[in-house]
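# Coordinate inspection notes
If you want the building blocks of each chain, they are given just below.
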Amino acid sequence: LQHVDYAKTDSENALRSELARLTQEKFLTAQQDESVDLGCILRLFASPVGQRIMSADRLWREFKFSLLCPAEKFFPGGEGESVLLQGVIDCMIEEGGEITIIDYKTDRVRGEELISRAKGYAKQLEAYAYAARRMTGKPVRECVLYFLYSGETVELPAAKM
């Protein structure tokens, strides 16, 4: 998802051609190309989340960040200390001046297990929301976990971040 041309994700044939390009340009090995689940990618871009990505005012992919932040933001008892927060946000979109963070997950979960797993990612998304606010100067509306295997989303309002 980092290098694929999103405009070429609307059909299986277009996506196969795009994967061939990525393999030819050495973004993927032949083995990686063969292991890509085309259905997962097609489902993503046909979903409401995918449509939001395609129509966003602004799009960031693989947004790398590194910033100092107050330790107490993430660690109880860390008052007066700083920590270096580093990461890579899979996808961020801007809509109407607000940021939505989209984090792709490959977990093979469904139903109740999906919600449980999403809760386990809350701290990661909290850190992403903090970094996105600091780095862009824009409010973060929400964080979205998109589970590629099931095609399901879990939305976490930024107010809970």
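Below is a summary of the structure that appears in this document. Per chain, residues are indexed from 1 in the order of the written sequence. With the structure being a predicted model, the display of local features is reserved for residues of pLDDT at least 70 and the display and counting of side-chain atom pairs for 80 or more, all residues being used for whole-chain, interface and lining totals. Hydrogen atoms and water are omitted, and side-chain values are computed over all heavy atoms in the structure.

## Overview of the side chain of D107
- Secondary structure follows DSSP: runs of H or I at least 4 residues long count as helices, runs of E at least 2 residues long count as strands, and numbering of each begins at the N terminus. Tracing the sequence through the fold places D107 in the loop between β3 (98-105) and α5 (111-120).
- Polar contacts, as used here, are pairs of N or O atoms within 3.5 Å; protein pairs need one atom able to donate a hydrogen and one able to accept it. Residues neighboring in sequence count only if both atoms are side-chain atoms. Here the side chain of D107 touches Y121 through a polar contact of 2.8 Å, side chain to side chain.
- For this analysis, residues touch if any pair of their heavy atoms sits within 4.5 Å. If near-sequence neighbours (up to four positions away) are discounted, D107 is found in contact with R117, Y121, F147 and Y149.

## Re the pairing of β3
- Of all eight residues that make up β3, seven are buried, and the element is covered over most of its length.
- Strands are labelled as partners when DSSP assigns at least two bridges between them. Bridge count for strand β2 (residues 82-95) against β3 is five bridges, and the pairing is antiparallel. Note that in β3 the partner of E94 across the bridge is I99.
- Joining the antiparallel neighbours β2 and β3 is a turn of two residues, in which G96 adopts a positive phi near 55 degrees.
- Bridge analysis of β3 against strand β4 (residues 140-147) gives seven bridges, and the strand direction is parallel. Bridge assignment links K105 to a residue of β4, and that residue is F147. We call a residue buried when its accessible area falls under 20% of the maximum for its residue type, exposed when it is over 50%, and partly exposed in between, using a 1.4 Å probe and counting protein chains only.

## Let's talk about the side chain of E18
- For E18, the location among the structural elements is in helix α1 (residues 12-24).
- In terms of polar contacts, E18 uses its side chain to reach the backbone amide nitrogen of D5, at 2.8 Å.
- If near-sequence neighbours (up to four positions away) are discounted, E18 is found in contact with H3, V4, D5 and K8.

## As for the packing of aromatic side chains
- Pairing of aromatic side chains requires ring centres within 6.5 Å, counting the rings of Phe and Tyr and the six-membered ring of Trp. Pairs whose planes differ by under 30 degrees are stacked, by over 60 edge-to-face, and all others tilted. Per the counting criterion, the structure on display carries four aromatic pairs.
- Centre to centre, the rings of W60 and F63 are 6.4 Å apart; their planes meet at 75 degrees, and the pair counts as edge-to-face. Side by side, W60 and F63 carry an identical accessibility label, which is buried.
- Where F65 meets Y128, the ring centres are 5.9 Å apart and the plane angle is 85 degrees; that geometry is what we call edge-to-face. Taken together, the residues F65 in strand β1 (residues 58-70) and Y128 in helix α6 (residues 122-136) connect sequence positions 63 residues apart.

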